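# Examining the three-dimensional arrangement
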Amino acid sequence: MTQTIRRPSVPIDPDTARTVQAARTAGTPEHDALAVLAARGGIRLPSGAGQLSEAAALAALIEVGRQALQEQVLEAEYQAIAAEQDDEDRAVRAALRRRRRSSPEGDR
């Protein structure tokens, strides 16, 4: 089965356009930061060229953003699970305390 790649039109404001242009150009802080984030996320950037294509830079930025979004979603899910376990744990401990108080062994 072949994978379909969509190429949607995305409006880009002037600040974003400047950032993308800077990220495309080797030696800029934006390019260096994108390279670090890409490497950290296992994203392969084309090498050897002094400048990334606009498509390559945008694809890398989107993938870095997607990964950051997924990490945030997972973190929120883990926090929700931890909060549920804490509530559950408190309820179990309270039930055990009540049982100990009402049991004949708890009167010793």
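Residues numbered from 1 in each chain as written. Predicted model: local features only at pLDDT ≥ 70, side-chain atom pairs only at ≥ 80, totals over all residues. Heavy atoms only, no water.

Structurally, A57 is set in helix 3 (residues 54–102). In this structure the C-alpha to C-alpha distance between A57 and R44, which are 13 residues apart in sequence, comes to 11 Å. The contact partners of A57, leaving out residues within four places of it in the chain, are V20, R24, L34 and L52. (Helix = DSSP H or I, 4+ residues; strand = E, 2+ residues; numbered from the N terminus. Contact = heavy atoms within 4.5 Å.)

On the surface, L74, Y78 and I81 cluster together into a nonpolar patch covering about 300 Å² of accessible area. Within the secondary structure, I81 is located in helix 3. (Patch = residues over 30% accessible without salt bridge, like charges linked within 9 Å, V, L, I, M, F, W, Y side chains within 5 Å. Areas by Shrake-Rupley, 256 points an atom, 1.4 Å probe, with all protein chains shown as cover. Salt bridge = Lys/Arg side-chain N within 4 Å of Asp/Glu carboxyl O.)

In this section: a negative patch on the surface. A cluster of acidic side chains, namely E84, D86, E88 and D89, defines a negative patch on the protein surface. Mapped onto the fold, E88 is located in helix 3. (Lys, Arg positive; Asp, Glu negative; His and termini not counted. Charge placed at Lys NZ, Arg CZ, Asp CG, Glu CD.)

The grouping of R93, R97, R98, R99, R100 and R101 at the surface amounts to a positive patch. Along the chain, R99 turns up in helix 3.

This part takes up the confidence of the model for the protein chain. Overall, the prediction assigns the protein chain a mean pLDDT of 88, with 94% of residues at 70 or greater. Within the protein chain, helix 3 has the poorest average pLDDT of any element, 90, and helix 1 (residues 14–24) the best, 96. (pLDDT = per-residue confidence, 0-100.)

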